[in-house]
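Inside the fold
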Amino acid sequence: MPFIFGTLVTSALALLVAVPLGVGAAIFLSELAPPRTSNAMTFVIELLAAVPSVIYGLLGMFILVPFLRQYGEPFLKRTLGFLPLFQGPMYGVGMLAGGLVLALMVVPFIISLSREVMLAVPVEQREAALGLGATKWESTWQVVVPFARTGIMASIFLALARALGETMAVTMVIGNDPRINASLFAPGYSIAAVIANEFAEATGDLYLQALVELGLVLFALTIVINGLARIVMITTTQKGSAH
Amino acid sequence: MMHWRDIWRKFVNYFMFSMTGLCALITVGVLFFILGYLVWNGGSSLSWAFLTHLPTPVGEPGGGMANAIVGSAKLLLLASFLGIPIGFLGGVYLAEFGGRSFPFVVRYTADLLNGVPSIVMGIFAYTIVVLPMKHFSALAGGLALGVMMIPIAVRSTEEALRTVPLMLREGALALGASKWKTIATVVVPAARKGIVTGIILDIARVAGETAPLLFTAFSNRFWSPGWNQPTASLPVMVFTYAISPYEDWHRQAWAAGLVLLTLVLVANVAAKLSVSGRSAH
């Protein structure tokens, strides 16, 4: 149970940070930026998606964790300390760090997929909104984004599936402590991290079976989320091309 | 005269768009931050000896990760033997043969397989190779990585083949070539560049995978004696060195991370530039 809890909390946290950032950047890239800039930035963002997860873990461990310990968490505690989320001792490693690293890792996926679905929105839709006197932002927010909504949702689901299954970066920063804790500062544990840490030294059939079982849970979870997201993707792109 | 509401709308317009621009800048900035930090931190520990020597015990200066670099190469070779032929042929099938519903199923399954967490692949390889053999081996690691390569190879091959104009196929068929001959001598050569690019990207992706190797290829502080023995690899080395408590090892982790990131990024940039160069023609 603590493992599932840790997995869900870090993934939720990651999405909380990554969705506004990713969708915002995608809006900028598809609606506002001139094509050259947009293509150059997309190129860089796709490179970001290719960075191996262990590198994210490395940076998370040596930069993000000390930073959180010294500045980030004391700041959160001072300003939002009345919430149970931001209480308790501050180690730096913990679910907050895990969530933030995950957020960085999934943002590129959200951006490149959302950008594509927003670029697929017909120009006429935008022109109609602008013709009615809407500002550019109003046309984007009230016409383009709702039009692309299902596609954006699908990209978020794909990102969620990635966040759930991500192993290395989380293992390196989450703190590896199998307890359920209300505070985001507390160390936690995720399914993938348990498997990574204990599989190689699993002795005895029962121990091994327990870990394989955890793997199965993870597998089923990501398959279901991915499957739904893909179906949404397929139906929306087909609908778009039929028009 | 402008109504205050219009001014407000204009303000929202500019404000929100600058916010989205900021979002984009932050994400792009992250890549340069990662690169810069790695170069700064890892560059100092990087040397010729680092690339050509074996690891030394804790406390002894020097040492490198030659065995990890060779180990990574071996694993990728094994993975390519498994992943590329299956992926390539699967892609050919999807693009050239196939009826109505079966290709859809294959494509959908490939996408699902692509989304399976890498650590689950590791468990899969563990149960079918490591358990019967009773020890960790490069073979198991290669299997895990190879299975991960299949879905991407399938999709990239298919997409590359689909860009070949139908006329080329019809021309070959009109000259009396069989369908197989058409594919092998006309369609695949025409799409060669796209296929190779896809495969390079594919290799670069699994090159950075750590999780499935932890309990399949495991690790090894010496030269791996054979294909069925545990072997070191760069990503696992970065991981074990980074979580170790020794300052010296941390520096080596940075250096190994820099080597790994450079390899992956160079492969990516080269592959993507060659694609965009082609489409410009």
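Structure first, text after, so check above.
Residues numbered from 1 in each chain as written. Chains lettered and ligands numbered in written order. Predicted model: local features only at pLDDT ≥ 70, side-chain atom pairs only at ≥ 80, totals over all residues.

Thoughts on the overall build of chain A
The helix and strand tally for chain A stands at 10 helices and 0 strands. Reading chain A from its N terminus to its C terminus gives the helix and strand order α-α-α-α-α-α-α-α-α-α. Per-residue burial over chain A gives 52% buried out of 243 residues. A sequence separation of at least 24 residues applies to 80% of the contacts in chain A between residues at least 6 apart. (Helix = DSSP H or I, 4+ residues; strand = E, 2+ residues; numbered from the N terminus. Buried ≥ 20, exposed ≤ 12 C-beta atoms within 10 Å, placed from the backbone. Contact = placed C-beta atoms within 7 Å.)

Some details on the overall build of chain B
Tallying secondary structure elements over chain B gives 12 helices and 0 strands in all. What you see in chain B, going N to C, is helices and strands ordered as α-α-α-α-α-α-α-α-α-α-α-α. Across the 281 residues that make up chain B, the buried fraction comes to 45%.

A word on the environment of Ala68 of chain B
Residues and elements named next belong to chain B. In this structure, Ala68 sits in helix H3 (residues 66–96). It is 35 Å that separates the C-alpha atoms of Ala68 and Pro189, two residues lying 121 residues apart in sequence. Setting aside anything within four residues of it in sequence, one finds Ala68 in contact with Ala232, Ser233, Leu234, Met237 and Ala256.

Description of the interface of chain A and chain B
At the junction of the two partners, chain A supplies 48 residues and chain B supplies 50 residues. No other element matches the 9 residues that helix H10 (residues 205–242) of chain A contributes to the side of chain A that touches chain B. Of the residues assigned to the side of chain A that touches chain B, the class counts are 37 nonpolar, 9 polar and 2 charged. (Nonpolar A, V, L, I, M, F, W, Y, C, P; charged D, E, K, R; others polar.)

Some points on the nonpolar core
Counting 148 residues, the largest nonpolar core has Ala18, Val101, Val106, Ile110 and Ala159 of chain A together with Val238 and Ala256 of chain B as its most contacted members. With 17 residues, the single largest contributor to this core is helix H4 (residues 95–119) of chain A. Excluding residues that lie within four positions of it along the chain, Val238 of chain B makes contacts with Val54 and Leu58 of chain A together with Ala253, Ala256, Gly257 and Leu260 of chain B. (Core = buried A, V, L, I, M, F, W, Y, C linked by C-beta atoms within 7 Å.)

Quick look at the environment of Leu75 of chain B
Mapping Leu75 of chain B onto the fold places it in helix H3. A C-alpha to C-alpha distance of 21 Å links Leu75 of chain B and Ile195 of chain B, two positions 120 residues apart in sequence.

Things to note about the packing of helix H4 (residues 102–115) of chain B against helix H6 (residues 138–162) of chain B
All names here are of chain B. The N-to-C vectors of H4 and H6 enclose an angle of 135°; their axes lie 8 Å apart at closest approach. Taken as axis vectors, H4 and H6 run oblique relative to one another. Seen along the crossing, H4 lies across H6 with a hand that is left-handed. Between H4 and H6, the residues in contact are Ala110, Asp111, Leu113 and Asn114 and Ile150, Pro151, Ile152, Val154 and Arg155, respectively. (Axes fitted to C-alpha atoms, helices over the stretch in contact; angles between N-to-C directions. Parallel < 35°, antiparallel > 145°, perpendicular 65-115°, else oblique. Left-handed = near helix turned anticlockwise from the far one by under 90°.)

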